Amino acid sequence: MLDLSTPYMGLNLANPLVVSSSSLTGNLNGVKQAAAAGAGAIVLKSLFEEQIAAETAALGKHAEQAGHTEAAEYLQGYGKELGPQAYLQLIRDAVKTVDVPIIASLNCFSRDSWSDYAKKMESAGAAALELNIGLLPSNSGQQGRAIEERYYQILHEVKTKVKIPVALKIGPYFSSFGEVAAHLGHDRAEAPAFSVGWCGPGATKTKIVWRKADALVLFNRFYQLDIDIENLELVAGNPLSSSSEINTSLRWIALLYQRVESDLAATTGIHDSRDVIKQLLAGATVVQLCSTLMKNGFGQIERIRKELETWMQAHDFSRIDQFRGRLSQARSQHPANYERLQYIKLFVGLD
Ligand SMILES: Cc1cc2nc3c(=O)[nH]c(=O)nc-3n(C[C@H](O)[C@H](O)[C@H](O)COP(=O)(O)O)c2cc1C
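Described below are features of the structure shown in this document. (Residues numbered from 1 in each chain as written. Predicted model: local features only at pLDDT ≥ 70, side-chain atom pairs only at ≥ 80, totals over all residues.)

### Things to note about the overall build of the chain
Alright, step 1. On a plain count of helices and strands, the chain comes out with 12 helices and 12 strands.
Alright, step 2. Buried residues in the chain amount to 40% of all 351 residues.
Alright, step 3. Sequence separation of at least 24 residues holds for 70% of the intrachain contacts in the chain that already meet a minimum separation of 6. (Helix = DSSP H or I, 4+ residues; strand = E, 2+ residues; numbered from the N terminus. Buried ≥ 20, exposed ≤ 12 C-beta atoms within 10 Å, placed from the backbone. Contact = placed C-beta atoms within 7 Å.)

Printed below as a string of structure tokens:
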């Protein structure tokens, strides 16, 4: 008897196949289809910080145009209080309608009061939150440490506001990702002292109890920029990934397994059962699927699940924890192989 059940951030998932945050999960119909197809959990489309700001601004502008300056000011605050109702309603409807854990997703990048929305999402019934953070370090005057501390600060603010588990979905673009992951992935009695004062003006850094992300979601595949050489203009790159993009996530899942206390969710380039098995062998707690569902439909979840079961039977595994992390660096006799960056003829057959 095969058992695919997977504990993820304290939630009990029927299997490790999680539907990733995207337009597929931005409405109740998508949520129902994902659940019917056998998803282990569903991450809703992100509520974007800009959406929160836009709603607030729209309310204020309307009042301003009508000549009610005071009302406009009031509405600016009211808009924030009210929140994008449709998103909260989607959480309520999804939780009521399907039997699968619903993870709400919040995109944030500033230090604004958006973090109150995390609380509202919890109250609406979300089983967990996924924070989708992406900061492009294009400002030549900004130090790398200051950018890292924005991530720490956002996680800290949300963790102090909600009781439900919080996952952090990030990209791979850090100069010392090992250190960043160690910081995000461990509980500590005190926050380590940082140079820029991420815990806010006047706060005593060492008094802050630091709480880890309940999961690290590695790695987001951000909007890709491309150029149209005929029309000489910027265009969007292909929004959908391919299996060949799995390797960065695979390497870091393998490096971080048993090195951080957070669960590890793999995302980007996971298209079929082979990709799923690779990530589980590397140490992923769960895998997230997006592009493959957009290309093949929700039926892909069941195909992957069946093929995963066939592979487990062929290898005499009855539970996922019998092979999760088996090819992680922590369990390897040859840890240096995980840190190889340069091509050597011996390994790839090419100079
Ligand atoms: C059209 C589209 C919309 C997406 N929207 C979101 C989003 O709202 N929030 C988020 O965290 N990720 C979003 N993503 C990223 C996916 O969740 C996923 O992490 C990424 O596509 C890599 O996984 P994949 O290779 O399985 O596609 C989106 C991806 C696509 C293609």
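### Points about the sheet that holds strand β3 (residues 17-19)
Alright, step 1. Pairing in this closed barrel of 8 strands is parallel, and the strands run β3-β4-β5-β6-β7-β8-β11-β12 around the ring. In this sheet, adjacent strand axes meet at a mean angle of 25° when their direction is disregarded.
Alright, step 2. Pairing between strand β11 (residues 263-266) and strand β12 (residues 286-289): 2 bridges, direction parallel. Across the sheet, Ala265 pairs through a bridge with Val286, a residue of β12. (Pairing = 2+ DSSP bridges. Axes fitted to C-alpha atoms, helices over the stretch in contact; angles between N-to-C directions.)

### Some remarks on helix α9 (residues 273-282)
Alright, step 1. For α9, the set of buried residues is Asp275, Val276, Lys278, Gln279, Leu280 and Ala282.
Alright, step 2. For α9, the elements touching its buried residues are α8 (247-256), β11, β12 and α11 (299-314).
Alright, step 3. Looking one or two residues past α9, Gly283 carries a phi angle of roughly 130°, positive in sign.

### A closer look at the environment of Arg319
Alright, step 1. Of note, Arg319 is situated in the loop between α11 and α12 (345-348).
Alright, step 2. Residues Arg319 and Ser5, spaced 314 residues apart in sequence, show a C-alpha to C-alpha distance of 7.9 Å.

### Thoughts on the pairing of β11
Alright, step 1. Burial along β11 is two-sided: Asp263 and Ala265 and Leu264 and Ala266, pointing in opposite directions, are all buried.
Alright, step 2. The sheet contact formed by strand β8 (residues 215-218) and β11 spans 4 bridges and is parallel. When the sheet's bridge partners are listed, Ala215 is paired in β11 with Asp263.
Alright, step 3. For the handedness criterion, the β-α-β arrangement of β11, α9 and β12 is classed as right-handed. (Right-handed = clockwise from strand over helix to strand, strands pointing away.)

### Some points on α8
Alright, step 1. When you tally the buried positions in α8, you get 7 out of 10 residues, the bulk of the element.
Alright, step 2. By the burial criterion, the buried members of α8 are Ser249, Leu250, Trp252, Ile253, Ala254, Leu255 and Leu256.
Alright, step 3. The elements touched by buried residues of α8 are α7 (177-184), β8, β11 and α9.
Alright, step 4. Immediately downstream of α8, the backbone of Gln258 shows phi near 65°, a positive value.

### Observations regarding the nonpolar core
Alright, step 1. Counting 82 residues, the largest nonpolar core has Ile42, Ile91, Ile103, Ala126, Leu129 and Ile253 as its most contacted members.
Alright, step 2. Tallying contributions element by element places α8 first for this core, with 6 residues.
Alright, step 3. Every residue in contact with Ile103, bar those within four places of it in the chain, is listed here: Ala41, Ile42, Val43, Leu44, Ala126, Ala127, Ala128, Leu129 and Glu130. (Core = buried A, V, L, I, M, F, W, Y, C linked by C-beta atoms within 7 Å.)

### Overview of the environment of Val95
Alright, step 1. With respect to the helices and strands, Val95 occurs in helix α4 (residues 85-97).
Alright, step 2. A C-alpha to C-alpha distance of 8.6 Å links Val95 and Ala124, two positions 29 residues apart in sequence.

### Looking at the packing of α8 against α9
Alright, step 1. Two elements in contact, α8 and α9, have axes whose closest approach is 8 Å; the angle formed by their N-to-C orientations is 25°. Between α8 and α9, the angle is such that the two are roughly parallel. Together, Leu250, Ile253 and Ala254 of α8 and Lys278, Gln279 and Ala282 of α9 make up the contact between the two elements.
Alright, step 2. Classifying every residue of the contact of α8 with α9 by side-chain character gives 4 nonpolar, 1 polar and 1 charged. (Parallel < 35°, antiparallel > 145°, perpendicular 65-115°, else oblique. Nonpolar A, V, L, I, M, F, W, Y, C, P; charged D, E, K, R; others polar.)

### Some details on unusual backbone geometry
Alright, step 1. At the junction of Leu218 and Phe219, the peptide bond is cis and its omega measures out at -5° in the coordinates.
Alright, step 2. By the secondary structure assignment, Phe219 is in the loop between β8 and β9 (225-228).
Alright, step 3. Of note in this structure, Gln258 is not a glycine but carries a positive phi near 65°.
Alright, step 4. Take Gln258: it is sitting in the loop between α8 and β11.
Alright, step 5. In this structure Gln258 comes out as exposed when scored by C-beta crowding, with 12 C-beta atoms within 10 Å.

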